[in-house]
Amino acid sequence: MPRAPAIPILAAFLSLAARAGTVVVEAAVPTEITLGGQPVVQTFGPAVVSLPDLPGGRQVFVVWREGRSQPLPVEVPEKGRVRLLVGAQLDGGRRGIGRG
């Protein structure tokens, strides 16, 4: 049986990688974040965590702080990155969850 050349598979892989973005989580407080029901970040204090190669488009992260959850829709860029701020000082002097 003839084998398919490896080049098309590599091209498909590169094509998928080109449409992948990065979410950088900047947590000022202990935080847990899930995506699709799976834990993707857990911090026990201030931390910066990078989630590379996420599919571009709308992703709904669930952010857990102090025993409470909050869904947070994030538009993941096809190239580049977006920041997700947890417990950061937001406009108005309050602490919360936001996108930067």
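So, here's what we can say about the structure. (Residues numbered from 1 in each chain as written. Predicted model: local features only at pLDDT ≥ 70, side-chain atom pairs only at ≥ 80, totals over all residues. Heavy atoms only, no water.)

Looking at the overall build of the protein chain
- A count of helical and extended segments in the protein chain gives one helix and eight strands.
- Taken from the N to the C terminus, the helices and strands of the protein chain come in the order α-β-β-β-β-β-β-β-β.
- In the protein chain, buried positions account for 35% of the 100 residues.
- Sequence-distant contacts, at least 24 apart, represent 49% of the contacts inside the protein chain between residues at least 6 apart.
- Here the protein chain displays about 6700 Å² of accessible surface, and carbon together with sulfur accounts for 58% of that area. (Helix = DSSP H or I, 4+ residues; strand = E, 2+ residues; numbered from the N terminus. Buried < 20%, exposed > 50% of the residue type's maximum accessible area, 1.4 Å probe, protein only. Contact = heavy atoms within 4.5 Å. Areas by Shrake-Rupley, 256 points an atom, 1.4 Å probe, with all protein chains shown as cover.)

What about the sheet that holds strand β3 (residues 38-43)?
- Taken in spatial order, the four strands line up as β3-β2-β5-β6 in an open sheet, and their pairing is antiparallel. Edge positions in the sheet fall to β3 and β6 (68-76), since each has one partner strand and no second. For this sheet the average axis-to-axis angle between neighbouring strands, irrespective of direction, equals 25°.
- Across four bridges, the pairing between strand β2 (residues 31-35) and strand β5 (residues 57-65) is antiparallel. Counterpart to Leu 35 in the pairing with β5 is Phe 61. (Pairing = 2+ DSSP bridges. Axes fitted to C-alpha atoms, helices over the stretch in contact; angles between N-to-C directions.)

Some thoughts on the pattern of salt bridges
- Evaluation of the coordinates by the stated rule reveals three salt bridges.
- Of the charged contacts in the structure, one is a salt bridge between Glu 26 and Arg 83, with a shortest N-O distance of 3.4 Å. Highlighted residues: Glu 26 in strand β1 (residues 20-27) and Arg 83 in strand β7 (residues 81-89), separated in sequence by 57 residues.
- Here Arg 83 falls in the partly exposed class, since its relative accessible area comes to 38%.
- Residues Glu 66 and Arg 65 are paired through a salt bridge, measuring 3.9 Å at the closest nitrogen-oxygen approach.
- The exposure class assigned to Glu 66 is exposed, which follows from its relative accessible area of 62%. (Salt bridge = Lys/Arg side-chain N within 4 Å of Asp/Glu carboxyl O.)

Regarding unusual backbone geometry
- Residues other than glycine seldom take positive phi values, yet Asp 53 does so here, at roughly 60°.
- With phi around 50°, Glu 66 is a residue other than glycine that occupies positive phi space.
- Structurally, the position occupied by Glu 66 is in the loop between β5 and β6.

Points about the environment of Val 24
- By the secondary structure assignment, Val 24 is in strand β1.
- Under the relative-accessibility criterion, Val 24 is labelled buried at 8%.
- Setting aside its immediate chain neighbours within four residues, Val 24 contacts Val 48, Val 49, Ser 50, Arg 81, Val 82, Arg 83 and Leu 84.

Any functional reading would require information that these geometric values do not contain.
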